[in-house]
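# Observations on chain architecture
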Amino acid sequence: MHSAGFVESGAMGRVAYARIAPNEDLIQGVEKLCLAHGFKNAFVRGALGSLVDACLGRQDGRWQQIRGPAVEIVSLAGEIRSQADGSLRACLSGVVADPEGNVFGGAFVAGLNPICMTFEVTLEEWLPATAP
């Protein structure tokens, strides 16, 4: 079995506990938090909150819209990486539950996951040994 991938060495840095405001997009909010704290690369270590609606990418390349109000985030994982142009890009995936208790999972689509009330997130800075 052959698997493509890479191993990166580095160290964990600072930890930020932060809040994303209502109606701000989940992906863009996490990217803004990293910029505000000076994180060039980071991992999501924990999160608590809900979305107005959710939009997740599916394996077939299409999007799945989950209607709220108050789509609960059951789990959230992902990383934020510095891009060649200096911008940040968050790649987040997770599991959500709609108001009826149906559960869905996938990658969150940027710009289509507005925070419902508030959203708490824990980010841990990643300091690569060599610049990507």
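In what follows, the accompanying structure is described. For clarity, every value in this text was computed on a predicted model and none was experimentally measured.

### Looking at the side chain of N113
Counting through the fold element by element, N113 comes out in the loop between β7 (103-108) and β8 (115-128). Taking relative accessible area as the criterion, N113 reaches 0% and is therefore assigned buried. Here C55 takes part through its backbone nitrogen, which lies 2.7 Å from a polar atom of the side chain of N113. What N113 contacts, discounting residues up to four positions off in sequence, is E24, D25, L26, L51, D53, A54, C55 and F108.

### Let's talk about the environment of F119
Position of F119 relative to the elements: it lies in strand β8. Accessibility expressed as a relative area gives 0% for F119, which makes it buried. Sequence separation between F119 and G49 is 70 residues; the distance between their C-alpha atoms is 4.5 Å. Setting aside anything within four residues of it in sequence, one finds F119 in contact with A18, R19, I20, L26, A47, L48, G49, S50, I73 and L76.

### A short note on the pattern of salt bridges
Once their charged atoms are close, side chains differing in charge can pair, the charge on each being opposite to the other. A full pass over the atoms with the stated rule returns 7 salt bridges. Here R45 makes a salt bridge to E124, at a shortest N to O gap of 2.8 Å. Placement of the pair is R45 in strand β2 (residues 42-51) and E124 in strand β8, with a sequence separation of 79 residues. Between R81 and E79 there is a salt bridge, and its shortest N-O distance comes to 2.8 Å. Taking relative accessible area as the criterion, R81 reaches 18% and is therefore assigned buried. By relative accessible area, E79 is classed as partly exposed at 30%. Where salt bridges share partners, they join E8, E79 and R81 into one cluster.

### Overview of unusual backbone geometry
Phi is mostly negative for residues that are not glycine, and the peptide bonds are mostly trans. Here the amide bond leading from G68 into P69 is cis, since omega sits at 10 degrees, within 30 degrees of zero. Assignment of secondary structure puts P69 in the loop between β4 (63-66) and β5 (71-82). Even without being a glycine, N23 presents a positive backbone phi close to 70 degrees. Mapping N23 onto the fold places it in the loop between β1 (10-20) and α1 (26-37). A relative accessible area of 60% places N23 in the exposed class. Of note in this structure, A70 is not a glycine but carries a positive phi near 60 degrees. Within the secondary structure, A70 sits in the loop between β4 and β5.

### Examining the nonpolar core
L26, I80, L92, F108 and L123 are the most contacted members of the largest nonpolar core, which has 28 residues in total. Going through the elements one at a time, β1, α1, β2, β3 (54-57), β5, β6 (88-97) and β8 are the ones with two or more residues in this core. Beyond its immediate sequence surroundings of up to four residues, F108 is in contact with L26, I27, L51, C55, L56, I73, L76, L92, S93, G94, V96 and N113.

### Describing the state of the cysteines
Summed over all chains, the structure comprises 0 disulfides. Free of any disulfide, C34 has its nearest cysteine sulfur in C91, 12 Å distant. For C34, a relative accessible area of 0% translates into the label buried. When its relative accessible area of 37% is taken as the criterion, C91 is described as partly exposed.

Criteria and cut-off values
Residues numbered from 1 in each chain as written. Predicted model: local features only at pLDDT ≥ 70, side-chain atom pairs only at ≥ 80, totals over all residues. Heavy atoms only, no water. Helix = DSSP H or I, 4+ residues; strand = E, 2+ residues; numbered from the N terminus. Buried < 20%, exposed > 50% of the residue type's maximum accessible area, 1.4 Å probe, protein only. Polar contact = N/O pair within 3.5 Å; in protein donor to acceptor, adjacent residues only side chain to side chain. Contact = heavy atoms within 4.5 Å. Salt bridge = Lys/Arg side-chain N within 4 Å of Asp/Glu carboxyl O. Core = buried A, V, L, I, M, F, W, Y, C linked by side-chain atoms within 4.5 Å. Disulfide = S-S within 2.5 Å.

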